[in-house]
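Observations on the three-dimensional arrangement
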Amino acid sequence: MNIRITKLKVIVIFTICLLMIIVPIIASLYQYFEIEAIRNIAGDNYVNIKKAINYFPKGTEKYEAMKFLIDNMKYRRSYDDISGNYVRKVIMGKDNYSLDTIFKNMVKLFPEPVLRDDIKSVNVEYLIENVEDAYDAWSKSPWKEDVDFKHFCNYILPSNIDKEPIVQWRKYLRNKYSHIIENVSTKEDAYNKIYEYLKKNFFVEEEKFPYEKDALLLDLLGSGDCKSRAFYMIYVMRALGIPVAFDYSPVWANYGTNSHSWPVLVTNNDNVITGIHDKEHIIDGTYEPFKYTFSQLDYPYTVDSLKKISKIYRKCFNHVIKRKDVSSPLSFLSPFDKDVTNQYPNLTDNGIVEIDHLLFRHYIFVHSNSKKDGLQFRELQKECSIQLI
């Protein structure tokens, strides 16, 4: 009996010692291959990347924040800012100008903006300043304890939102708007104050600028479509240490064919706050009050004052998923788009129903408010129609 116990002890001790040797080796190998992957992608810019990684002491939150940026930048691409610089130069140099004329000239001069790998083009000074400024805004905010480090990295730290040019925007926007939340103590109140202020001062209109606008160009122009306004709101809020995300729906479920987007406050437990009417998760732009009085019985279509949303996605900074099926109806999604529909419990419609099968995948798109309309449904090579009842 004692011999058996002794053997068991030896096995346990041997296993523990073996793990103590193997685990550090595996961790070192993982770190080595991770560094090599960044080195291979960054190319000549790896010198800058290495300086940025080694700038902050290991084990600190700033060091981890820098790692988060660089680890995800190796997957990301952004447009160069030549067109934006041209517009800024022209507007700053003239008292009277026509944006239409400026944009037309810009397209002639720069017919195609260039997409660049972030990891190959970003410089060390920008990376360090971005981490310093983002961390300073977060750590000095009254709501710092209500925003954990994970949410800081995902919703305050990112250098940009999608593929718009990367510029130094934090200090400028923080200085410009910090007075609005000077006496605010919660992130919810800060979000609402900035949201309501910019809702009145950033004008939503038909988008005329043909390319992606950087944060400072959005500030200079002060107008654009709902996407531009959402981008600008997010840049301002992140500059102030408010954790916000860019959520969008690719198409209304019962209105037109346009997409819609908005900024959303994200809490530590991943609840979303869309504004003052948070209990209902009301999304700005969904309510259209009736302008006319009529009898629903005499009208052949269902009329609603609420524009309905079926599916909601979020632009994330981290690499969410790799999508290989470009023929899928969901091929408009980028690898950084995450489905967050379940974070909006009071949606009024279910738009895309995905049914997995061993041999095929179905997608049902709801895009009609009339119960008489059929919906097109594609299954591999076979096409059929289904009827709503």
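Residues numbered from 1 in each chain as written. Predicted model: local features only at pLDDT ≥ 70, side-chain atom pairs only at ≥ 80, totals over all residues. Heavy atoms only, no water.

Attention now moves to the overall build of the protein. Per the secondary structure count, the protein includes 12 helices and 13 strands. Across the 389 residues that make up the protein, the buried fraction comes to 43%. Of all intrachain contacts in the protein linking residues separated by at least 6 positions in sequence, the fraction that spans at least 24 positions is 64%. Within the structure as shown, the protein displays about 22,600 Å² of accessible surface, and the carbon and sulfur contribution to it stands at 55%. (Helix = DSSP H or I, 4+ residues; strand = E, 2+ residues; numbered from the N terminus. Buried < 20%, exposed > 50% of the residue type's maximum accessible area, 1.4 Å probe, protein only. Contact = heavy atoms within 4.5 Å. Areas by Shrake-Rupley, 256 points an atom, 1.4 Å probe, with all protein chains shown as cover.)

On to the pattern of salt bridges, then. Per the stated rule, a full pass over the model turns up 17 salt bridges. Asp 117 is the salt-bridge partner of Arg 77, the closest N and O atoms lying 3.2 Å from each other. Within this pair, whereas Arg 77 is found in strand E1 (residues 77-79), its partner Asp 117 is found in strand E2 (residues 115-117), the two being separated by 40 residues in sequence. Relative accessible area serves as the criterion here: at 39%, Arg 77 is assigned to the partly exposed category. (Salt bridge = Lys/Arg side-chain N within 4 Å of Asp/Glu carboxyl O.)

Here we take up helix H9 (residues 170-177). Think of an α-helix as 3.6 residues a turn; residues three or four steps apart then line up on the same face. Along H9, the residues that are buried comprise Arg 170, Leu 173 and Tyr 177. Considered in projection along H9, the buried side chains sweep an arc of 80° and stay on one side of the axis. Buried residues belonging to H9 abut helix H7 (124-139), helix H10 (187-201), helix H11 (215-221) and helix H12 (226-239). (Arc of directions from axis to C-beta.)

When the pLDDT values of the protein are averaged, the result is 78; 69% of them are 70 or greater. Averaged over each element, pLDDT in the protein is lowest for strand E12 (residues 374-379) (35) and highest for H9 (98). (pLDDT = per-residue confidence, 0-100.)

Turning to unusual backbone geometry, a few remarks are in order. Positioned with a positive phi, Asp 270 is a non-glycine residue whose angle comes to about 65°. On the accessibility criterion, Asp 270 (27% relative accessible area) is partly exposed.

Counting buried positions along strand E5 (residues 244-249) yields 6 of 6 residues, so the element is predominantly enclosed. With burial as the criterion, each face of E5 is covered, one bearing Val 244, Phe 246 and Tyr 248 and the other bearing Ala 245, Asp 247 and Ser 249. As paired elements, E5 and strand E6 (residues 260-266) share 6 bridges and run antiparallel to each other. Pairing of Tyr 248 across the sheet is with Ser 261, part of E6. Where E5 and strand E8 (residues 313-315) come together, 3 bridges link them in antiparallel fashion. Residue pairing across strands places Phe 246 opposite Lys 315, the latter belonging to E8. (Pairing = 2+ DSSP bridges.)

This part takes up helix H3 (residues 61-73). Its 13 residues place the ends of H3 18 Å apart at the C-alpha level, agreeing with the 18 Å of an ideal helix rising 1.5 Å per residue. If you check which residues of H3 are buried, you get Tyr 63, Ala 65, Met 66, Phe 68, Leu 69, Ile 70, Asp 71, Asn 72 and Met 73. (Expected span 1.5 Å × (residues − 1).)

Nonpolar side chains collect at one region of the surface, where Leu 8, Val 12, Ile 16 and Met 20 lie side by side and expose about 400 Å² of accessible area between them. Mapping Leu 8 onto the fold places it in helix H1 (residues 2-42). (Patch = residues over 30% accessible without salt bridge, like charges linked within 9 Å, V, L, I, M, F, W, Y side chains within 5 Å.)

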